[in-house]
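# Structural description and commentary
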Amino acid sequence: MTLSSMTGFGRAQGEHDGVGWLWELRSVNGRGLDVRLRLPPGAEAVEPQVRARLGSQLARGSVTAQLSLKRESGAVSVRINEEALAKVLFAAARLQAETGARPPSVDGLLALRGVLEVDEPADAELLSEQRTQALLASLDHAIGELTAARRSEGSRLADVLQDQLAEIERLTAAVSASPARSPEAIRARLADQVRRLTETGLGLEPERLHQEAVLIATRADVEEELKRLGSHVAAARDLVASGEPVGRKLDFLSQEFNREANTLCSKSNATEITRLGLALKVVIDQFREQVQNIE
């Protein structure tokens, strides 16, 4: 299985008994599942079924479903109102006899109101039982296209996320292996800080200096942050590989990633670790940006 994006498009068209239709489905990012329907007059009865079908296939996203209906030529009947036409012809003959006017043309007669009558099915007749079933079958096809598009985009995003997780793992390993974290480097920095404290002339006692050195060393220790970053990478990989709707969980993990990177940077007292920590923050921000597209 693969992840699904919240972005996609699907369409399907059909025809039954003189009425044609077109479904167009669009989805973009959303905190939950928000379905907005645009149905023509006479099609309101299918709204609950449309929402149910979309809800059974989609977990998140802002989805717009639009239905367009069009009556085919065979669904419209045209007839001449014989009574109205007779009255018009009688009036025209009388006017011609009195004024010598030319007789009316056929197109002129048909253009008169009431002579030509066009009968269209009422809106209530648009959705018969069989037509409704055909309409919903087309909707299922459009939903299939939409979910396929979301999966295709999700597959691409999964590759991007895996690359970003690999970079987070690489930077975490680089911090862990940094010479700035070696006991010798830490000892040298502590010695320099102790020297500067003694040069202040405050007359600090050796025991107080030892306490300060221990405190500095404790504050600079980022081992716990590195372990949590490694654990978050493993958890994120499992979620990406699951193919389930895990967008919310990945978003939560990205916040945890950011928290650890912030703590690492705040504890750092070495230029190299600060540089790596800032690089981590950049990749984590990119990771979180991509996660916002995941269902």
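What you see is a predicted model; the values in this text were computed from it and never measured.

In this section: the sheet that holds strand β3 (residues 33-38). One open sheet accounts for four strands, arranged β1-β2-β4-β3; its pairing is mixed. The sheet is open, and its two borders are formed by β1 (8-16) and β3, each paired with just one other strand. Across this sheet, the average inter-strand angle for adjacent strands is 15°, counted without regard to direction. Inspection of the sheet shows β1 paired to strand β2 (residues 19-28) by nine bridges, in the antiparallel sense. By the bridge assignment, Phe9 is partnered in β2 with Arg26.

Membership of the largest hydrophobic core comes to 30 residues, with the highest contact counts inside it found for Leu161, Ile168, Leu250, Phe257 and Phe287. Ignoring sequence-local partners within four residues, the contact set of Leu161 consists of Leu3, Val240, Leu250, Phe287, Gln290, Val291 and Ile294. Ranked by size, the runner-up nonpolar core spans 20 residues in total, among them Ala12, Leu25, Leu54 and Leu67.

With that settled, consider the layout of surface pockets. Counted as a void, the largest pocket has a volume near 220 Å³. What lines the largest pocket is a set of 13 residues, among which Thr2, Ser4, Arg151, Gly243 and Glu295 lie closest to the centre. The class makeup of the residues in the lining of the largest pocket is four nonpolar, five polar and four charged. Estimates place the volume of the second largest pocket at around 170 Å³. With three residues, the single largest contributor to the lining of the second largest pocket is helix α8 (residues 247-267). Its residues placed into classes, the lining of the second largest pocket shows three nonpolar, four polar and four charged.

A low pLDDT score tells you not to read the predicted coordinates there in detail. Averaged over all residues, the pLDDT of the chain equals 84, while 80% of them reach at least 70. Confidence scores differ between elements of the chain, with helix α6 (residues 206-220) showing the lowest mean pLDDT of 58 and β3 the highest of 96.

Time to look at the side chain of Glu260. Tracing the sequence through the fold places Glu260 in helix α8. Owing to a relative accessible area of 5%, Glu260 belongs among the buried residues under this scheme. One polar contact links Glu260 to Arg228, side chain to side chain, over a distance of 2.9 Å. The residues contacting Glu260, other than those within four sequence positions of it, are Glu225, Arg228, Leu229 and His232.

A separate point is the packing of aromatic side chains. Scanning the model with the defined rule gives one aromatic pair in all. Between Phe257 and Phe287, the aromatic rings sit 5.8 Å apart at their centres with planes inclined by 80°, giving edge-to-face as the arrangement. With Phe257 in helix α8 and Phe287 in helix α9 (residues 271-291), this pair connects stretches of sequence that are 30 residues apart. Phe287 matches Phe257 in its accessibility class, with the two residues each being buried.

Inspection of the secondary structure assignment puts Ser27 in strand β2. Take Ser27: its relative accessible area is 2%, and that puts it in the buried class. At 2.9 Å, the side chain of Ser27 and the backbone oxygen of Met6 are in polar contact. At 3.2 Å, the side chain of Ser27 and the side chain of Arg150 are in polar contact.

Across the interface, helix α4 (residues 129-176) lies against α9 with an axial gap of 10 Å and an inter-helix angle of 165°. On the basis of the axis angle, α4 is roughly antiparallel to α9. The two elements α4 and α9 cross, and the hand of that crossing is left-handed. When α4 is examined against α9, the residues Leu157, Val160, Leu161, Gln164, Leu165, Glu167, Ile168, Leu171, Thr172, Ala174 and Val175 are found in contact with a partner set consisting of Ile273, Leu276, Ala279, Leu280, Val283, Ile284, Gln286, Phe287, Gln290 and Val291.

Before going further, it helps to examine a nonpolar patch on the surface. Taken together, the side chains of Ile80, Val106, Leu110 and Leu116 define a hydrophobic patch exposed on the protein surface, amounting to about 320 Å² of accessible area. Note on placement: Leu110 falls in helix α3 (residues 106-111).

Attention now goes to the environment of Leu276. Note on placement: Leu276 falls in helix α9. C-alpha of Leu276 to C-alpha of Val175: the two residues are 101 residues apart in sequence and 6.5 Å apart in space. Beyond its immediate stretch of four places on either side in the chain, Leu276 contacts Leu171, Ala174 and Val175.

Our focus in this paragraph is the pairing of strand β4 (residues 61-71). Across ten bridges, the pairing between β2 and β4 is antiparallel. Within β4, the residue paired with Ser27 across the bridge is Val63. Taken together, the six bridges between β3 and β4 define a ladder with parallel strand orientation. Bridge assignment links Arg36 to a residue of β4, and that residue is Thr64. Once the chain exits β3 it traverses helix α1 (residues 47-57) before rejoining the sheet at β4, and the crossover so formed is left-handed.

Rules used throughout
Residues numbered from 1 in each chain as written. Predicted model: local features only at pLDDT ≥ 70, side-chain atom pairs only at ≥ 80, totals over all residues. Heavy atoms only, no water. Pairing = 2+ DSSP bridges. Helix = DSSP H or I, 4+ residues; strand = E, 2+ residues; numbered from the N terminus. Axes fitted to C-alpha atoms, helices over the stretch in contact; angles between N-to-C directions. Core = buried A, V, L, I, M, F, W, Y, C linked by side-chain atoms within 4.5 Å. Buried < 20%, exposed > 50% of the residue type's maximum accessible area, 1.4 Å probe, protein only. Contact = heavy atoms within 4.5 Å. 1 Å grid on protein atoms, 1.4 Å probe; cavity = no way out; pocket = protein on both sides within 12 Å on 5 of 7 lines; lining within 4 Å. Points joined across faces, edges and corners; volume = space filled by probe spheres on them. Nonpolar A, V, L, I, M, F, W, Y, C, P; charged D, E, K, R; others polar. pLDDT = per-residue confidence, 0-100. Polar contact = N/O pair within 3.5 Å; in protein donor to acceptor, adjacent residues only side chain to side chain. Phe/Tyr/Trp six-rings, centres within 6.5 Å; stacked < 30°, edge-to-face > 60°. Parallel < 35°, antiparallel > 145°, perpendicular 65-115°, else oblique. Left-handed = near helix turned anticlockwise from the far one by under 90°. Patch = residues over 30% accessible without salt bridge, like charges linked within 9 Å, V, L, I, M, F, W, Y side chains within 5 Å. Areas by Shrake-Rupley, 256 points an atom, 1.4 Å probe, with all protein chains shown as cover. Salt bridge = Lys/Arg side-chain N within 4 Å of Asp/Glu carboxyl O. Right-handed = clockwise from strand over helix to strand, strands pointing away.

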